[in-house]
Amino acid sequence: MTIHIGAKPGDIAETVLLPGDPYRAKWAAETFLENPVCVNQVRGMLGFTGTWKGNRVTIHGSGMGMPSLSIYANELIAEYNAQTLIRIGSCGAMQETVKLRDVILAMTSSSLSTPSSGIFRELNFAPCADYGLLRAAADAAAAKGVTTHVGGIYSSDVFYDERPDLNEQMVRHGILGVEMEAAELYNLAARHGRRALAVLTVSDHLLTHQALPSEDRETGFGAMVEIALQAAFA
Ligand SMILES: Nc1nc(Cl)c2ncn([C@@H]3O[C@H](CO)[C@@H](O)[C@H]3O)c2n1
C-alpha cells in the first residue's frame, strides 16, 4: 500500500497502462482484459489488474496534469515495481496533417516546466519514449491500418492556454499535439530505468477547432488501447 494506491503488494502488474480518466481505466479493463479485478479506489483513481492474451496488465488512472501523473507513476515504480508504463490518452492536434481520431505516438515531449524541473535546474533534459515500445506501437498501428503520426508533442500545465505566441512556435517546429502528462512520465522512466510511451488519440484540433463528440471518445480509444497492449508485449 502507498499513500495514494491501496493495492496490496503483487496486485499491480509490471506492465501498466495509464489513462488520465479513471473511468476510462474501468472501461478499458472491462473491454480488453480477462478477469479484471479492481485493485485501487483511493481518491476515486481506479486501477484494475487482469490479463491480456495471458499477460498480466494493470490499467490505472493517472489523473490530469503532470503533478497527478507524477504521484501515481512514482508510487507504481517505487512500490509496485512497474517496468513498462504506457500512457493512453487524448490530445489536441497542432498540425493540419493530423486529423481527429488519428493516433499520435510521442517520440519526445516538450514543456514549459515539469515536476522534475527542480531536479534538472538549467539542464534542458529531453524526455523521450522507449524506442522499442515506440517501434512496436508503430508496427501495431500500421498492421491495424490506423493513421498514425510519430514525433514530438507538448505537455502543457494548462488546458485553457493563454499563449498564442507559444502555440505558433510549436506549430512552426512541427509539434504534433498537446496534452498534459507525457513529459513527466518520460522523465520518471529515464530516472528509474523503466520503459515508457504515450499513445494518444486526437480528440480535439487546435487549428480547425473541431472536437470529437463524447460518444466517439470511447470507441475511438479502442484502437489506442490495442496498440498499447500489443506494443507492451511485442
Ligand atoms: N491541454 C490540453 N489541450 C487539449 Cl486540446 C487536450 N486534449 C486532450 N487533452 C488531455 O485531456 C485532459 C484534458 O481534457 C488532459 O489530461 C490532457 O492530457 C488535452 N490537454
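The model shown is predicted, which means the values in this text are computed figures rather than measured ones.

Undergrad: Is there a simple way to explain the UniProt feature "binding site: phosphate" (unreviewed entry) in the chain in this structure?
TA: With numbering matched to this structure, UniProt assigns "binding site: phosphate" (unreviewed entry) to Gly 20, Arg 24, Arg 43, Arg 87, Ile 88, Gly 89 and Ser 90. With respect to the element layout, Ile 88 can be found in strand β5 (residues 84-93). Here Ile 88 falls in the buried class, since its relative accessible area comes to 1%. Each residue touching Ile 88, except ones within four places of it in the same chain, is listed here: Leu 17, Leu 18, Pro 19, Gly 20, Val 199, Met 224, Val 225 and Ala 228. Mapped onto the secondary structure, Gly 89 falls in strand β5. Setting aside chain neighbours within four positions, we find Gly 89 in contact with Val 199, Leu 200, Thr 201, Phe 221 and Met 224.

Undergrad: Explain the nonpolar core here, please?
TA: A general trend in soluble globular proteins is that nonpolar side chains are found buried together. With 67 residues, the main nonpolar core has Leu 17, Ile 86, Leu 197 and Val 199 as its most contacted residues. Those residues in contact with Ile 86, other than ones at most four positions away along the chain, are Val 16, Leu 17, Leu 18, Leu 133, Leu 197, Val 199, Ala 228 and Ala 232. Leu 166, Met 170, Ile 175 and Val 178 belong to the second largest nonpolar core, which has 6 residues in total.

Undergrad: For this particular structure, what's the right way to read helix α2 (residues 66-80)?
TA: Three or four residues apart is the spacing at which side chains of an α-helix point the same way, because the helix has 3.6 residues per turn. Here α2 spans 20 Å end to end across 15 residues, near enough to the 21 Å set by a 1.5 Å rise per residue. Residues of α2 that are buried include every one of Met 66, Ser 68, Leu 69, Ser 70, Tyr 72, Ala 73, Glu 75, Leu 76, Ile 77 and Tyr 80, and no others. Just downstream of α2, Asn 81 is the residue with a positive phi angle, here 60 degrees.

Undergrad: Would you mind showing me how to read the pattern of salt bridges here?
TA: A side chain with one charge may pair with a side chain of the opposite charge, provided their charged atoms come close. Counting across every chain of the model gives 6 salt bridges. Across the pair Asp 11 and Lys 8 runs a salt bridge, and its minimum N-O distance is 3.5 Å. Residue Lys 8 is classed as exposed on the basis of its relative accessible area of 52%. In this structure, Lys 26 engages Glu 30 in a salt bridge whose closest nitrogen and oxygen atoms are separated by 2.7 Å. Of this pair, Lys 26 and Glu 30 are both found in helix α1 (residues 22-32), 4 residues apart, which corresponds to roughly one turn of the helix. With a relative accessible area of 31%, Lys 26 lands in the partly exposed category. You can call Glu 30 partly exposed: its relative accessible area is 47%. A single salt-bridge network, built from bridges that share partners, covers Arg 87, Glu 179 and Glu 181.

Undergrad: Help me understand the pairing of β5, please; the structure alone is not making it clear to me.
TA: Regular strands show a simple pattern: their side chains alternate between the two faces of the sheet. With respect to burial, β5 is a largely interior element, 9 of its 10 residues being buried. Across 10 bridges, the pairing between β5 and strand β9 (residues 195-205) is parallel. Its bridge partner lying in β9, Ile 88 is registered against Val 199.

Undergrad: What should I look at first to understand the site of the ligand in this one?
TA: In the vicinity of the ligand lie 14 residues, with Arg 87, Val 158, Met 180, Glu 181 and Asp 204 positioned nearest. In the model, an oxygen atom of the ligand is placed 3.0 Å from a nitrogen or oxygen of the Met 180 main chain. Between the ligand and Asp 204 there is a distance of 3.0 Å, counted from a nitrogen atom to a side-chain nitrogen or oxygen. Here the ligand, which alone exposes 440 Å², has 86% of that area covered by the protein. If you list the elements that add at least two residues to the shell around the ligand, you get β5, β8 (177-179) and β9.

Undergrad: I keep staring at the packing of helix α4 (residues 131-144) against helix α8 (residues 221-232) and nothing clicks. Help me out?
TA: Packed helix pairs are characterised by how far apart their axes lie and by the angle those axes make with each other. Viewed as axis vectors pointing N to C, α4 and α8 meet at an angle of 130 degrees, and their least axial separation amounts to 8 Å. When the interaxial angle is binned, α4 and α8 end up oblique. In the crossing of α4 with α8, the sense of the turn from one axis to the other is right-handed. Between α4 and α8, the residues in contact are Leu 133, Ala 136, Ala 137, Ala 140, Ala 141 and Lys 144 and Ala 223, Glu 226, Ile 227, Gln 230, Ala 231 and Ala 232, respectively.

Cut-off values and rules
- Residues numbered from 1 in each chain as written.
- Predicted model: local features only at pLDDT ≥ 70, side-chain atom pairs only at ≥ 80, totals over all residues.
- Heavy atoms only, no water.
- UniProt positions renumbered as here; feature names shortened; annotations may be inferred.
- Helix = DSSP H or I, 4+ residues; strand = E, 2+ residues; numbered from the N terminus.
- Buried < 20%, exposed > 50% of the residue type's maximum accessible area, 1.4 Å probe, protein only.
- Contact = heavy atoms within 4.5 Å.
- Core = buried A, V, L, I, M, F, W, Y, C linked by side-chain atoms within 4.5 Å.
- Expected span 1.5 Å × (residues − 1).
- Salt bridge = Lys/Arg side-chain N within 4 Å of Asp/Glu carboxyl O.
- Pairing = 2+ DSSP bridges.
- Near = heavy atom within 4 Å.
- Polar contact = N/O pair within 3.5 Å; in protein donor to acceptor, adjacent residues only side chain to side chain.
- Areas by Shrake-Rupley, 256 points an atom, 1.4 Å probe, with all protein chains shown as cover.
- Axes fitted to C-alpha atoms, helices over the stretch in contact; angles between N-to-C directions.
- Parallel < 35°, antiparallel > 145°, perpendicular 65-115°, else oblique.
- Left-handed = near helix turned anticlockwise from the far one by under 90°.

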